[in-house]
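# Descriptive structure summary
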Amino acid sequence: MARIVSRALPFASRTSLCLSRPPPLPGAALLRSAAAVPPPLPPAASLLSWRGLTGAPEPSLAPPPPFAGFLSGIRGFRKVRRGPPAAKRSQPQDAAPPPPPPPPKEGEIELIARIGVEEDMPDDDEVLNIVEILKLNVPMAMKIALDGLVDSNYSTRDTSISDVGKYDKVEVSVLLCNDNFIQNLSKEWRGEDCTTDMLSMSQHIPDLDVPILMLGDIVISVETAAKQAEEKGVTLLDEVRVLVVRGILHLLGFNHETSDEDAMEMEKEEHLILKSLRWKGKGLAKGAHDSSKLQPDSLDGQMTDSQKRAVTLRFYRPKFKYIFCDMDGTLLNSKSQITARNAEALREARSRGVNIVIATGKARPAVIDALSTADLSGKTGIVSESSPGVFLQGLLVYGSEGRQIYKRNLDQEVCREALLYSLEHKIPLVAFSQDHCYSIFDHPLVDSLHYIYHEPKAKIVPSVDQLLGTAEIQKVLFLETPEGISSALRPYWAKAIEGRAHVVQAQPDMLELVPPATSKGNGVQILLNHLSISPDEVMAIGDGENDIEMLQLASLGVALANGSEKTKAVANVIGATNDEDGVAQAIYEYAF
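Residues numbered from 1 in each chain as written. Predicted model: local features only at pLDDT ≥ 70, side-chain atom pairs only at ≥ 80, totals over all residues. Heavy atoms only, no water.

Quick note on the threshold: UniProt positions are given in the numbering used here, feature names are shortened, and annotations may be inferred rather than shown by experiment.
Identification of the protein chain as Haloacid dehalogenase-like hydrolase family protein from Urochloa decumbens is taken from an unreviewed UniProt entry. The UniProt entry for the protein chain carries the following text under Sequence similarities (unreviewed entry): "Belongs to the endoribonuclease YbeY family." The UniProt entry for the protein chain carries the following comment under Cofactor (unreviewed entry): "Zn(2+)".

Dropping the structure here:
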């Protein structure tokens, strides 16, 4: 016979399953103290206080037992978890309260499992689904484990919990948490400053004559469980189930840490329970501080902090809804390529609900082409013809569904002067017109803009008048050596176009002429207004002088170490270089 009683709260429930009452067995000595199963602890507030849950009085418990859960005394544990607005949770005043669950039949023991999620855990869909499954699974595992106490004889098990037939109810609590919580708990409770997969804390007080057996609390880190599940090739649910069984066995007096014989007996019982329930899993897994770990490539063979965060990133709520990211010198390395780690970081951020928006001096086709190598372009990628973005230094802005919401052109006389200067001095120039590029003569540097930097291949239009009559030009770009730009081009054009246009330098060997008051920051602001997004929800990453206004606008501005000194001076933080996966590091360190 089984019955389920769920409370109307999102992260806790009472699940009951009836166990046939075994014949009474003689009591045993006090449960011995062990690393995984501590001695009983002083009275504390009930574990029903998890996230604001207040349990209804049990009619069969009068008076209530003078002991309760250990975890409720931990600072910060009793915070009410975010949930639906009170108006949605409230019941009509005239609505009758739900009837209490029927008492178990004579000769049956009621098994109660209380499942909770630690306050700082984000609302991960997989974790929430596991919570619902555990409401049914934990009483099933309790039943098999308690049945085993009657028929089995283990020489190593502490037998202070054996006479279950004298109880009306048996209760256990399970808490899912993150690594930080279980590490702090292990440090406070066991004196061991390390992360582990599971802790079990007994609440049993031998010889206390009450009708309920409070086994205790099982705390499971879903972060460590997720890593172990990945290493074993099983699902997170599979691993959590194994840890639940292991925790129940610890509470019933098994201890695999005492000796090899103890470990063998506990492993045998664990295997029997898992086999009976047809759950995957075998053997006793080591804690996180002992287990083999994923080893991404790094300079010294060790995992960096950001790499460790990447493994468990999905269990953290993002701090920003949007990340605006530059391309050249930022997302792309010095070979104008996106690295596998940067690409994975963008995917991970998107999986956590973060919107990635490109803000660049490039044309949109160039971005689509550059990111196609990592499968990040197209309808399922971060950039496409139907996604928002800021291009050509903010002169072209696309909003929802990729619709153009802003365009600004360079003064035609400035364009004419620049084209004539290019012809006279034989300095290659490319004119940008939305998704197209134009030039007035062939040159290897013009070709490099396409083959290296992914820009649209320039169409050669030898006549200045014909080019100006063909397209509206948003910006022009000179290609020259860094020395030639700093010594001649930049000083000349800064003076020649004063008041009519503006000089921008995103790369040392490129000089751009754009309309006055042009900036990526302005383009980003236009897009934020269009999407009704506050700058407080934005993180921006860049490197060049053209990124300064964008970094200043965002709530958090990250300048990469390879960036200009002016850009780094206005940034909130300085990241790694673009050749050191600076974007990935920034996402893992600051976005979550």
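Moving on, there is more to tell.
## Concerning the overall build of the protein chain
Operational definition: Counting from the N terminus, the helices are DSSP H or I runs at least four residues long and the strands are E runs at least two residues long. Partly exposed residues are those whose accessible area sits between 20% and 50% of the maximum for their type, while under 20% is buried and over 50% is exposed, using a 1.4 Å probe and protein chains only. Only the protein chains shown count as covering a residue, and every accessible area follows the Shrake-Rupley method with a 1.4 Å probe.
Of the regular secondary structure elements, the protein chain holds 18 helices and 20 strands. A burial count over the protein chain gives 54% of its 592 residues as buried. For the protein chain, the accessible area works out to roughly 26,100 Å², and carbon and sulfur atoms hold 51% of it.

## A closer look at the nonpolar core
Applicable threshold: To define a nonpolar core, start from buried Ala, Val, Leu, Ile, Met, Phe, Trp, Tyr and Cys residues and group those joined through side-chain atoms within 4.5 Å.
Membership of the largest hydrophobic core comes to 52 residues, with the highest contact counts inside it found for Leu331, Ile338, Leu346, Leu371, Met539, Ile541 and Ile587. Per-element tally for this core: the top contributor is helix α18 (residues 582–590), with 5 residues.

## Examining the packing of helix α4 (residues 222–232) against helix α5 (residues 236–251)
We count it as follows: Axes here mean lines fitted to C-alpha atoms, for a helix over just the part in contact, with angles spanning 0 to 180 degrees between N-to-C directions. Convention used here: angles under 35 degrees read as roughly parallel, angles over 145 as roughly antiparallel, angles from 65 to 115 as roughly perpendicular, and any remaining angle as oblique. Should the near helix be turned anticlockwise from the far one by less than a right angle, the crossing is termed left-handed; should it be turned clockwise, right-handed. Whether two residues touch is decided by their heavy atoms; if any such pair falls within 4.5 Å, the residues are in contact. Note that Gly is not counted as nonpolar here; it falls among the polar residues with everything else outside the nonpolar set of Ala, Val, Leu, Ile, Met, Phe, Trp, Tyr, Cys and Pro and the charged set of Asp, Glu, Lys and Arg.
At their nearest, the axes of α4 and α5 sit 8 Å apart, and the two run at 115 degrees to each other. With respect to each other, α4 and α5 are oriented roughly perpendicular. In this structure, α4 crosses over α5, and the sense of that crossing is right-handed. Where α4 approaches α5, its residues Val222, Ala225, Ala226, Gln228, Ala229 and Lys232 are matched on the opposing element by Leu236, Glu239, Val240 and Leu243. Taken together, the residues of the contact of α4 with α5 break down into 7 nonpolar, 1 polar and 2 charged.

## Re the packing of aromatic side chains
Stated formally: Pairing of aromatic rings covers Phe, Tyr and the six-membered ring of Trp, with a centre-to-centre limit of 6.5 Å; geometry is then stacked below 30 degrees between planes, edge-to-face above 60, and tilted otherwise. Throughout this description, the term charge over a ring refers to an Arg CZ or Lys NZ atom that lies within 6 Å of the ring centre and within 35 degrees of the ring normal.
Counted under the stated rule, the structure contains 7 aromatic pairs. With a centroid separation of 5.9 Å and an interplanar angle of 80 degrees, the aromatic rings of tyrosine 421 and phenylalanine 478 are classed as edge-to-face. Residue tyrosine 421 is found in helix α11 (residues 412–425), and its partner phenylalanine 478 is found in strand β15 (residues 475–479); the two are separated by 57 residues along the sequence. We classify tyrosine 421 as buried; its relative accessible area is 12%. Look at phenylalanine 478 and you get buried, because its relative accessible area is 0%. Both rings, one in tyrosine 421 and one in tryptophan 493, keep their centres 5.2 Å apart while their planes meet at 70 degrees; by these two values the pair is edge-to-face. Placement of the pair is tyrosine 421 in helix α11 and tryptophan 493 in helix α14 (residues 482–496), with a sequence separation of 72 residues. A single burial state applies to tyrosine 421 and to tryptophan 493, both of which are buried. If you follow arginine 364 out to its NZ or CZ, it ends over the ring of tyrosine 398, 3.8 Å from the centre.

## Looking at the sheet that holds strand β14 (residues 459–460)
The test is simple: When DSSP finds at least two bridges between two strands, those strands are taken to pair.
Pairing is mixed in the open sheet, where 6 strands are placed in the order β14-β13-β12-β15-β17-β16. One side of each edge strand has no neighbouring strand; the edge strands of this open sheet are β14 and β16 (502–504). Here 3 bridges tie β16 to strand β17 (residues 510–514), and the two strands are oriented antiparallel to one another. Across the sheet, the residue bridging to valine 503 is leucine 513, located in β17. Strand contacts of α14: β15, β16 and β17, with the helix running at about 5 degrees to β17, the strand carrying the most contacts.

## Notes on the confidence of the model for the protein chain
Using the following cut-off: One number per residue, pLDDT, summarises how confident the predictor is, and it ranges from 0 to 100.
Confidence in the prediction of the protein chain, expressed as mean pLDDT, is 80, and 76% of residues score 70 or more. Overall, residues 1–15 carries pLDDT values under 50, and its contacts beyond four positions in sequence, including any with other chains, amount to 58 contacts. Below a pLDDT of 50 lies the segment residues 285–301, which in the model reaches 36 contacts outside its immediate sequence neighbourhood of four places, other chains included.

## Remarks on the sheet that holds strand β18 (residues 538–542)
Taken together, the 5 strands give an open sheet; going across it, the order is β8-β7-β18-β19-β20, and neighbouring strands pair in parallel fashion. A single partner strand is all that each edge strand has here, and the edge strands are β8 (355–358) and β20 (573–575). In this sheet, neighbouring strand axes are inclined to one another by 25 degrees on average, regardless of whether the strands run parallel or antiparallel. Summarising the sheet, strand β19 (residues 556–560) and β20 pair through 3 bridges and their orientation is parallel. Note on β20: the bridge partner recorded for leucine 560 is glycine 575.

## Quick notes on the pairing of β17
In terms of burial, β17 is largely enclosed, as 5 of its 5 residues are buried. Burial along β17 is two-sided: Met510, Glu512 and Val514 facing one way and Leu511 and Leu513 facing the other are all buried. Two strands pair when backbone bridges link them, and β15 and β17 are joined in this way by 4 bridges, in the antiparallel orientation. Pairing of phenylalanine 478 across the sheet is with leucine 511, part of β17. Counting the residues that bridge the hairpin from β16 to β17 gives 5 residues.

## A word on the pairing of strand β12 (residues 429–433)
With 5 of 5 residues buried, β12 is to be regarded as a mostly interior element. Two elements, β12 and β15, share 4 bridges in a ladder whose sense is antiparallel. From the neighbouring strand, alanine 431 faces β15, where its bridge partner is valine 476. Summarising the sheet, β12 and strand β13 (residues 436–439) pair through 3 bridges and their orientation is antiparallel. Looking at the pairing, serine 433 lines up with histidine 436 of β13.

## Overview of unusual backbone geometry
Its identity is not glycine, yet serine 336 carries a phi of approximately 60 degrees, on the positive side. Looking at the secondary structure, you find serine 336 in the loop between α8 (327–331) and α9 (340–351). One non-glycine residue with positive phi stands out, namely glutamine 434, at about 55 degrees. Its place among the elements puts glutamine 434 in the loop between β12 and β13.

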